[in-house]
Amino acid sequence: MEETDEINIILGGPQGSGLETISQILTTAFVKLGYGVISDREYHSNIIGRHSYIHMKVSSEEEPLSLEYPVQIIASMDAETIFTHQNELSPDGILIYDTGVLKVKLEDVKSMEEEVKARLKNVTVEELVNSLNCKKLGINFKQILSNLTEEYNIPATQASRYISAIIVGAIAKILRINEKALTYALNIRFEGRELLVKTNMHVIKMIDKIVGEEYEIKLKKPKPRHKEYMVVSGNDIVGIAKIIGGVRYQSYYPITPAADESLFLESYERIIMENGDEIGICVLQTEDEIAAISSVIGASLTGARSSTTTSGPGFSLMVEALGWAGNNETPILITYYQRGAPSTGLPTRGGQADLLFTLSASHGEFPRIVLTSGDHIEAFYDTIEALNLAEKYQVPVIHLLDKFIANTIASIPIPNLSEINIDRGKVIYEGEDYKRFDLKNIISPRAYIGSKTISWYTGDEHNEEGHITEDPLTRTKMYEKRMNKMKLIETETPQRLKYTYLDEGRDYLLISWGSTKGVCIDALKTLKKVDGIHGSHLNIKMFSPFPSKEVSRIISEYEVNKVIMVENNYMSQAAMVISMHTGIIIENRILKYTGRPIYKDELTKAIRNILSGKNKREVLINGA
Amino acid sequence: MEETDEINIILGGPQGSGLETISQILTTAFVKLGYGVISDREYHSNIIGRHSYIHMKVSSEEEPLSLEYPVQIIASMDAETIFTHQNELSPDGILIYDTGVLKVKLEDVKSMEEEVKARLKNVTVEELVNSLNCKKLGINFKQILSNLTEEYNIPATQASRYISAIIVGAIAKILRINEKALTYALNIRFEGRELLVKTNMHVIKMIDKIVGEEYEIKLKKPKPRHKEYMVVSGNDIVGIAKIIGGVRYQSYYPITPAADESLFLESYERIIMENGDEIGICVLQTEDEIAAISSVIGASLTGARSSTTTSGPGFSLMVEALGWAGNNETPILITYYQRGAPSTGLPTRGGQADLLFTLSASHGEFPRIVLTSGDHIEAFYDTIEALNLAEKYQVPVIHLLDKFIANTIASIPIPNLSEINIDRGKVIYEGEDYKRFDLKNIISPRAYIGSKTISWYTGDEHNEEGHITEDPLTRTKMYEKRMNKMKLIETETPQRLKYTYLDEGRDYLLISWGSTKGVCIDALKTLKKVDGIHGSHLNIKMFSPFPSKEVSRIISEYEVNKVIMVENNYMSQAAMVISMHTGIIIENRILKYTGRPIYKDELTKAIRNILSGKNKREVLINGA
Amino acid sequence: MEHEYRTKLWVDWCPGCGNYGILAALTQALKELKINPQNTVIVSGIGCSGKIPHYINVNGVHTLHGRAIPFATGIKLSNPNLTVIVNGGDGDLLGIGAGHLVALGRRNIDIKVLLHNNGVYGLTKGQASPTLPIKIKTKALIRENIHENINPITIALSSGYTFVARSYAMDVKHLKQTIVSAINHKGASLIDILQPCVTYNDIYTREYYEKRIYKLEELEDWDPIVNSEEERRDKYLRAIEKAMEMENIPIGIFYQEKLKTTFEERISQRIPTYLQKPPAKQKIHENGRPIISLTEFKKIFKNKIIEVEE
Amino acid sequence: MEHEYRTKLWVDWCPGCGNYGILAALTQALKELKINPQNTVIVSGIGCSGKIPHYINVNGVHTLHGRAIPFATGIKLSNPNLTVIVNGGDGDLLGIGAGHLVALGRRNIDIKVLLHNNGVYGLTKGQASPTLPIKIKTKALIRENIHENINPITIALSSGYTFVARSYAMDVKHLKQTIVSAINHKGASLIDILQPCVTYNDIYTREYYEKRIYKLEELEDWDPIVNSEEERRDKYLRAIEKAMEMENIPIGIFYQEKLKTTFEERISQRIPTYLQKPPAKQKIHENGRPIISLTEFKKIFKNKIIEVEE
Ligand SMILES: Cc1ncc(C[n+]2csc(CCOP(=O)(O)OP(=O)(O)O)c2C)c(N)n1
Ligand SMILES: Cc1ncc(C[n+]2csc(CCOP(=O)(O)OP(=O)(O)O)c2C)c(N)n1
Ligand code: SF4
Ligand code: SF4
Ligand SMILES: [Mg+2]
Ligand SMILES: [Mg+2]
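Note that the coordinates shown come from a computational prediction; the quantities given were computed from them, not determined experimentally.

Reading guide: rules and limits
- Residues numbered from 1 in each chain as written.
- Chains lettered and ligands numbered in written order.
- Predicted model: local features only at pLDDT ≥ 70, side-chain atom pairs only at ≥ 80, totals over all residues.
- Heavy atoms only, no water.
- Helix = DSSP H or I, 4+ residues; strand = E, 2+ residues; numbered from the N terminus.
- Buried < 20%, exposed > 50% of the residue type's maximum accessible area, 1.4 Å probe, protein only.
- Contact = heavy atoms within 4.5 Å.
- Areas by Shrake-Rupley, 256 points an atom, 1.4 Å probe, with all protein chains shown as cover.
- Lys, Arg positive; Asp, Glu negative; His and termini not counted.
- Charge placed at Lys NZ, Arg CZ, Asp CG, Glu CD.
- Salt bridge = Lys/Arg side-chain N within 4 Å of Asp/Glu carboxyl O.
- Polar contact = N/O pair within 3.5 Å; in protein donor to acceptor, adjacent residues only side chain to side chain.
- Nonpolar A, V, L, I, M, F, W, Y, C, P; charged D, E, K, R; others polar.
- Pairing = 2+ DSSP bridges.
- Buried area = accessible area lost by both parts, 1.4 Å probe.
- Near = heavy atom within 4 Å.
- Axes fitted to C-alpha atoms, helices over the stretch in contact; angles between N-to-C directions.
- Parallel < 35°, antiparallel > 145°, perpendicular 65-115°, else oblique.
- Left-handed = near helix turned anticlockwise from the far one by under 90°.
- Expected span 1.5 Å × (residues − 1).
- Domains from an automatic or database assignment.
- Donors = N, O, S within 2.8 Å, 3.2 Å for Na, K, Ca; no water.

Q: Would you mind showing me how to read the overall build of chain C here?
A: In terms of helices and strands, chain C carries 10 helices and 14 strands. By principal-axis analysis of the C-alpha atoms, chain C measures approximately 85 × 50 × 45 Å. A buried classification covers 68% of the 310 residues belonging to chain C. Contacts spanning at least 24 positions in sequence make up 70% of the contacts within chain C whose residues lie at least 6 apart. A total accessible area of about 10,800 Å² is found for chain C, and carbon and sulfur atoms account for 50% of it. Charged side chains of chain C number 40 positive and 34 negative; the gap between the two group centres comes to 5 Å.

Structure follows, in structure tokens:
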């Protein structure tokens, strides 16, 4: 059997049954060994019982950027996983399953959605497995667990907790992950709970013995480029960036997939440093999102770096206050994780359909920054840049991320802290006749409430002191002062915040934004390697102010019918923004709105279809 | 002195001192005599005391469409009016003022905004009046009133109520309005309160005697084109349209300039018809705008035609529920009166800066109709069409109006009721296995809750029954079902709802939307008459779905540097929508964002500047 | 044939969740009342609780987080002949939706609110809800709760609800009976339903409740019904006093008054045809033509119309 | 030099408006307390009442309709050393903002809420506010009000406010004194200020109030202060009982308790440096560099970092 430099895995089972444990242990072990890992978690808006799965890629060459089908391993905890993912396994792949579910028939699987069932044959797991063209690794879960309960005297009711160890063991065996790495991973997962580590290791070893040596996939020896890696979700990395970037007040109302970021911050609310100094972060769970953003604005007025974090439904409630912040030149950061929309939509799934909304949310006109990030590393730096931009220009900043970034766990190098600046903008601390909205400059110095000044603020149009005015001329000046910031920001923002451009040839240009970045880069590479066509990739990061000139210039280097949008929405919203600002109408569009991420294989195929002139609009639907 | 076919008037005084009474009496009298009238009310966000004025045009030829400076009469109730409007009077015009304020110096006028004062000379009214180059009609208000209190035995404290009659009298004299028309108007204003009619008439006659015959402006004999006219504000006419169009449930949260529409409806909550049938309209004042829109959606689900009405801050709170309606294919009508923004902005002033917001408000993508109206008559028909469209396509409709339409009072012919259709769309009343979101057609038949069916609704993605689903394929189909409505609506909507086009020549093209329609048409006429250049005018009515093809075709008939946007905002939002959909970038822009309407004179001048190549962007600032 | 009040959908709450008890009690109540499913609507918010309409075979409107009450308000006011039941979580009704909860009390609209009180935000994985007392640390919380709790009973009382009760999700019989009483009551009703969340709330468990719960109706002198103006003050104060008990937890009807008119009645005092021809039931056209003719129009809007002088 | 607590702006309320009394009492209270204007913030909502910060020479934040409390919450929690006063209308605080009003009570943050209770929506021309009783028809209303009113005192009590009082706008001395007491109290405070609106409310006028008002403090046995857990229940119930009086209108302190910790104290139990170094006062950089070094970083986030096996 040949060695491979990457492998794709599906781990599936009911929500609440330990999938995340499996994933965490495996990921830790892989990274410990020097592999790069990326994994997406797909789950229903449900606490216990519905089907959930983890889709991961492990690479010996690099930190992988995207996911793809088919996979080489499917590890199923239940019958539903097998039914659901039956078509996703590569013919040379291995299906890990519980022999205890062989008799289950499709119609018996109550938790499965009717619409999905309706598309499948009503067979038993056994019939299905038999029909599959792949290696099959059946394990009698019940037996393993009953051995365990005997040996370790574990109550039968708790035995099911060790199903995760069965799966970990099977995969570890197939990939020949060494015991040291697994022990390390178990120790991290069960933090000092010796007994759990031991018991789990015991199960893993049992599996190692049971599974035949013919079950093997040879992964190449890893080539790590760093000595240390972080294994983080997007929520984590943004939380970390906020701590480094100086956020000391965050308020939020719980919502998927944003809340975990606040819980992360809350778990770091008190940090004691080497020198004894302490960092304290006030994390407030509010009564709703209106209160969340309002209190963040209040905090900002006193000089705290403050932010809130939310998703679509929550942001929809924030837009009135967003306008207040814009009108009052108040720096705030809104970390916005898009999810499947509209309305409550697909609360635990992903999407990129809120771009246009963020660009014009709230009545009236005011300057705002809308910044997106393409991956975890960007999300880290961008969070800090966003905090700086907010204070430098005294504007609200929307950092537009999505569920794929939020919930994807990736191995990334440790950020380079020496690259980081903190810029708090123009601040003054005292002044007798201080005027908060001094018209002398576009950016008037901020004085924090609580310093040696007095300021007034109002959502109404105001004069330099911050008092209400309805004078048409003062109105015009103040309006222009605010709106002129857009030009200023556009001029001063460095390229790296506006877009990333991977220039590898003029055969075609993929344009994406946010989390679709990685899969575009990977598709590009594949098409180069496999098809010998050389395309480039533009990932737009800043949408407000929009870098029209640069985007226009780059696009103009390509034939317009070789330019292809890749977006996780229906309308191709970024294409609309591009035409709005540049007049260039891009008709080639690869779109997906199932709530699942775009996979490399389907993207590659769609690009081929477009370049061959077969289609202008390709709609992707892969993924369970 | 020559006869004129139109006259412009400013009536000014403190908020709460009876300006509206003056305006109503004069307007009624003018219309009774066969003149056309339009009048805009400008007022501060204040109940009593700040400066307020009414700007009106009276025409003997037609129903006037726009306002302009300079005016031929300024009638001032106080010193502030004279200071504020000193530059707005035509040299052959007449200033009506109270000789009692002659000694007042600018600095004594406490209610005047500091920013405005700072631009004026600190003189007395007397000095100012003397310096003005116009006819002056000073009246000793105090004396008139004390005569009155004596003759009619009116308590001195109530005398100030008759200041309005002094102004009416003076203007009536100057314009030679006959007593019959005035009596008619007083009777309408004071509805059966005989004494008030008599007293007011008495004052008017006193003034008639006092004012010299040399004060005269000769208005041409009117040429009315109809036997009857309605004198209505925009709020009124929309309320009337809702009654005719079948709105039976309206909920709202008070906000300027929308609330008056609901109060109007409330005053018609019970209508007893000829045949004894009754119409009952349930008008609910809710606890906030979120409740307003939510309850409207609820009402719609039961089959009531229902609507809410709001302005920017309120709409900002409605956007989450808007998405629910979109996702659940629920017809609702939101009548949206824009006002000075962002945030609370200029609560009692106008603007057109919320267009982009309405087009993408709420997270995610769903079909919506955004319709604007250019004047009162359009607003009437469009309200009914909006109700029909909402039900026909089962989508939320935003009818985007603004403060200028809301508060402008105009004389219009009685609507042609025989032109009106009521289309309730596809409805079924019973069905065993009814599926609310049947995928067979883009438009599935609605069943009202309370009919012989059972339906489910959810903001989550759903299957045909309305139950939650996360199946990627059902998701895709349901998403496409919804979004396909946009194409369908675009195809089926008649031109009259998409735009109005006044094709009078190819020298230039003005593009506007909403309330700027009238002033564009008037500027066009003036430029034709005075400058001999022949331009055309496109007023876009429907913005979602956007009539790209038609707009594109019309624009392409002009040199692009002869195409000029006219908008009451900063960013030229309609230009952005045009470029987004057609790729055409229109750089000539005449913009205003003082909160005041665009006046014919400044618009005409700005068009000249643009056509002469002097400027591409003209910012207008006229009006106090 | 008897109507089946349960749909066939698989219920996706956690095994052992108190919501199963609420679902059972509610469907039993509907069945007992032989309620017409086509004239009944369950309106819910967002949360584990919010899923309940999908499991019940009457009209179901699963709305937005916190907004079930205003949706229900529109439904009820446009068609007052419908039976309208609101199901919501404690986060939903007392956190993000508290303003609407208060407003419903002020109106006394005939809507029944079933509050699924589990002390946590279930569907978002166990954050503290507004009913979780201070200092409590459930297993999903990183630190102990530093917010005080709201007592749904006192909030309902001070907002003007005319039927205020508490019941317990696992006492299906009691809860069913309480729901039946609420549906039979005319006016804004709130039932605070103590609902164990087995996954996130390891403090307010079945054991916790079952040790402490007692029934008000078993008290000798308990009569929560206000029959006259004179009784109101004392019965109101007694209800509040009972609501303040924490050690032992009373369930049952705390307060009920029948003197107040409902909002629907108040509207029909202004619009006499309202109850027979509410907004949802009016004919608004005749073969596509508005029902108001030109003559009628001129009469209705006469004060806006001016005839030009000849 | 003494600080001038009034700005020079022209006040644009209607002549005779009760807000003048509130403005006078509030500035007098600030003056009496010699409060540091730079460390004081008045946070207001939207309405006639909402304009008040512009007239007072301390920091002023005129926010959105209904949102003064959450703005104030962020201000206070990020800098607990500030004196934070909220001024809002009855529509503002009890209508659109009712959810936030309740939430503040649950937190017991040291914020003082001055409720301008005029029974109407002043700035939007006189619609009924949530404090206007049912059946009342003020002159701006087309028909009589069909909503019941909310009693600010009982809502505040059931939300957990630790200082609950009522005063009267035209009794500047009493109001000033009540404001001083509220500022001196530590915790969430609400003063229901009866405020005549001369333009729109022709029912609840000066005459109306002045005939009915009496002072709680003049009652012989009135002691609203809860000094021990044992006293709580009875004093709470008595406060509610007093709040229910309608014919004669008690003003003064209804309830005050000092036993509860403030939210700020609860936070500082979790974050000991909180009161000295609250969010607004922490240094977050050193010459533009983050204060967390790489070594520090690795230590803080050690459980997220994996060293690759050699
Ligand atoms: C506007 C908005 N904010 C947040 C959410 C996320 N969310 C979903 S359920 C929920 C809370 C659920 O708690 P609760 O109302 O107590 O219901 P339970 O799940 O406990 O029944 C939240 C905050 C949302 N859907 N919408
Ligand atoms: C979101 C929003 N909705 C509505 C308004 C319009 N509005 C301005 S003031 C006001 C009500 C004022 O009433 P109240 O709060 O009682 O204050 P008062 O004027 O009586 O002092 C309203 C509804 C607004 N500014 N914002
Ligand atoms: S999380 Fe709690 S409330 Fe939600 S279903 Fe599970 S047990 Fe029930
Ligand atoms: S409307 Fe009423 S509350 Fe507002 S300023 Fe006038 S009197 Fe005062
Ligand atoms: Mg809950
Ligand atoms: Mg008020």
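Q: What exactly am I supposed to notice about the interface of chain A and chain D here?
A: In many reports, interface size means the accessible area that the parts give up when they come together. Tallying the contact residues gives 82 residues for chain A and 66 residues for chain D. Inspection of the region where chain A meets chain D yields 6 salt bridges. Among the ionic pairs, A:Glu287 bridges to D:Arg107, the shortest N-O distance being 2.7 Å. At the boundary of chain A with chain D, the tally comes to 31 residue pairs in polar contact (both at pLDDT 80 or more). A per-element tally of the side of chain A that touches chain D places helix H11 (residues 289-301) of chain A first, with 8 residues. Across the side of chain A that touches chain D, the residue classes break down as 39 nonpolar, 24 polar and 19 charged. Across 3 bridges, strand S9 (residues 228-233) of chain A lies against strand S14 (residues 305-307) of chain D in antiparallel orientation. Following the sheet pairing, A:Tyr229 is matched in S14(D) by D:Ile306.

Q: Would you mind showing me how to read the interface of chain C and chain A here?
A: Counting residues at the interface gives 26 residues for chain C, matched by 27 residues for chain A. Regarding the contact of chain C and chain A, the summed buried area is about 2,100 Å², with carbon and sulfur atoms giving 58% of it. A:Arg50 is the salt-bridge partner of C:Asp12, the closest N and O atoms lying 3.0 Å from each other. The tally of links from chain C across to chain A stands at 9 residue pairs in polar contact (both at pLDDT 80 or more). Listed by contribution, the elements that provide at least two residues to the side of chain C that touches chain A are helix H3 (90-96) and strand S6 (127-128) of chain C. With 3 residues, H3(C) is the single largest residue contributor to the side of chain C that touches chain A. Its residues placed into classes, the side of chain C that touches chain A shows 13 nonpolar, 8 polar and 5 charged.

Q: What's the story with the pattern of salt bridges in this structure? I'm lost.
A: Should the charged atoms of two oppositely charged side chains come close, the side chains can pair. Residue and element names in this part refer to chain C. For the coordinates displayed, the defined rule picks out 146 salt bridges over all chains. The shortest N-O distance in the salt bridge between glutamate 265 and lysine 186 comes to 3.5 Å. Of this pair, glutamate 265 sits in helix H9 (residues 263-270) while lysine 186 sits in the loop between helix H6 (172-184) and strand S8 (189-194), and the two are 79 residues apart along the sequence.

Q: So what exactly am I meant to see when it comes to the site of ligand 3 here?
A: Neighbouring ligand 3 are A:Ile47, C:Trp13, C:Cys14, C:Cys17, C:Asn19, C:Cys48, C:Asn118, C:Gln195, C:Cys197, C:Val198, C:Thr199 and C:Tyr200. Close to ligand 3, residues of chains A and C are found. When grouped by side-chain class, the residues that make up the shell around ligand 3 number 8 nonpolar, 4 polar and no charged.

Q: I would appreciate a short explanation of the sheet that holds strand S10 (residues 247-252) of chain A in the present structure.
A: By way of backbone hydrogen bonds, the strands of a sheet pair with one another, either parallel or antiparallel. Residues and elements named next belong to chain A. Ordered in space as S13-S10-S14-S15-S17-S16-S23, the 7 strands form an open sheet in which the pairing is mixed. Strands at the two margins of the open sheet, each flanked by one partner only, are strand S13 (282-285) and strand S23 (542-544). When the angles between neighbouring strand axes are averaged without regard to direction, this sheet yields 20°. Packing against the sheet, helix H14 (residues 376-393) makes contact with S10, strand S14 (305-310), strand S15 (332-338), strand S16 (369-372), strand S17 (396-402) and S23, and its axis sits at approximately 165° to S17.

Q: Even after reading the chapter, I still don't get the packing of helix H18 (residues 517-531) of chain A against helix H21 (residues 600-611) of chain A, so can you show me in this structure?
A: For any two helices packed against each other, one specifies the crossing angle of their axes together with the interaxial distance. All names here are of chain A. With their axes 9 Å apart at the nearest point, H18 and H21 run at an angle of 60° to one another. In terms of orientation, H18 and H21 fall into the oblique class. Once H18 is placed against H21, the crossing between them reads as right-handed. Of the residues in H21, those in contact with Val519, Cys520, Asp522, Ala523, Thr526, Leu527, Val530 and Asp531 of H18 are Lys600, Leu603, Thr604, Ile607 and Arg608. Its residues assigned to classes, the contact of H18 with H21 comprises 7 nonpolar, 2 polar and 4 charged.

Q: How should helix H1 (residues 19-33) of chain A be read in this particular structure?
A: Within an α-helix, residues lying three or four positions from one another point in the same direction, as the helix has 3.6 residues per turn. Residues and elements named next belong to chain A. Look at H1: 21 Å from first C-alpha to last across 15 residues, which is about the 21 Å you get at 1.5 Å a residue. Across the 15 residues of H1, 13 count as buried, placing the element largely inside the fold. With its phi angle positive at about 105°, glycine 34 sits one or two positions after the end of H1.

Q: Would you mind going over the domain arrangement of chain A with me for this structure?
A: All names here are of chain A. Entries for chain A in the domain assignment read domain 1 (6-215), domain 2 (231-419), domain 3 (426-493) and domain 4 (498-620). Computed from C-alpha coordinates alone, the two centres of domain 3 and domain 4 are separated by 40 Å. Taking both sides of the interface into account, the surface hidden between domain 3 and domain 4 amounts to around 490 Å²; carbon and sulfur atoms contribute 64%. Looking only at domain 3, the three residues that lose the most surface to domain 4 are Met486, Glu490 and Thr493, adding up to 89% of its buried area. In this assembly, domain 3 and domain 4 are joined by 0 salt bridges. Applying the counting criterion to the domain 3 and domain 4 interface returns 1 residue pair in polar contact (both at pLDDT 80 or more). Taken together, the residues of the side of domain 3 that touches domain 4 sort by class into 2 nonpolar, 1 polar and 1 charged.

Q: It is not clear to me how the packing of helix H19 (residues 548-555) of chain B against helix H20 (residues 573-582) of chain B should be interpreted in this structure. Could you clarify?
A: Residue and element names in this part refer to chain B. For the pair H19 and H20, interaxial distance at closest approach is 10 Å and the crossing angle is 105°. With respect to each other, H19 and H20 are oriented roughly perpendicular. Where H19 abuts H20, its residues Ser548, Val551, Ser552 and Ile555 lie against Ile578, His581 and Thr582.

Q: Explain the site of ligand 1 to me, please; I cannot follow it from the model alone.
A: Near ligand 1 you find 24 residues, and of these A:Glu289, C:Cys48, C:Ser49, C:Asp90 and C:Asp92 are the closest. Two or more chains meet at ligand 1, and those chains are chains A, B and C. Note that an oxygen atom of ligand 1 is positioned 2.9 Å from one of the backbone N or O atoms of C:Gly91. In this structure, an oxygen atom belonging to ligand 1 sits 3.0 Å away from a main-chain N or O atom of C:Val120.

Q: I keep staring at the side chain of B:Arg424 and nothing clicks. Help me out?
A: Mapping B:Arg424 onto the fold places it in the loop between strand S18 (409-413) and strand S19 (456-458). By relative accessible area, B:Arg424 is classed as buried at 13%. A distance of 2.8 Å separates the side chain of B:Arg424 from the backbone oxygen of B:Gly303, its partner in a polar contact. Within the local environment of B:Arg424, its side chain forms a polar contact with the side chain of B:Glu391, the two groups lying 2.8 Å apart. In this view, B:Arg424 contacts B:Gly303, B:Ala304, B:Arg305, B:Glu391, B:Tyr448, C:Ile284 and C:His285; residues no more than four positions away in its chain are not counted.

Q: Help me understand the sheet that holds strand S20 (residues 499-502) of chain B, please; the structure alone is not making it clear to me.
A: Residue and element names in this part refer to chain B. Strand order in this open sheet of 6 strands is S20-S22-S21-S24-S25-S26, and the pairing throughout is mixed. The sheet is open, and its two borders are formed by S20 and strand S26 (617-620), each paired with just one other strand. The mean inter-strand angle of the sheet, taken between neighbouring strand axes irrespective of direction, is 15°. Along the sheet face, H20 touches strand S21 (508-513), strand S22 (535-540), strand S24 (563-567) and strand S25 (588-592) and points at about 130° away from the line of S24.

Q: Looking at this model, I keep getting lost on the environment of D:Gly95. Mind explaining?
A: You can see D:Gly95 is positioned in helix H3 (residues 90-96). Each C-alpha atom, one on D:Gly95 and one on D:Ser129, is 7.3 Å from the other, the two residues being 34 residues apart in sequence. Apart from residues lying up to four places away in sequence, D:Gly95 is in contact with B:Glu287, D:Asp90, D:Tyr121 and D:Pro130.

Q: Just checking my understanding: could you explain the coordination of the magnesium ion (ligand 5) for this structure?
A: For a metal bound by four donors in tetrahedral geometry, the ideal donor-metal-donor angle is 109.5 degrees, whereas six donors in octahedral geometry ideally sit at 90 or 180 degrees. Residues and elements named next belong to chain C. Protein-derived coordination of the magnesium ion (ligand 5) comes from Asp90 (OD), Asn118 (OD1) and Val120 (O), at a distance range of 2.1 to 2.2 Å. Here the donor residues of the magnesium ion (ligand 5) share one chain and are spaced in sequence as D-x27-N-x1-V. Of the two residues, aspartate 90 is situated in helix H3 and asparagine 118 in the loop between strand S4 (111-117) and strand S5 (120-121); the sequence distance between them amounts to 28 residues.

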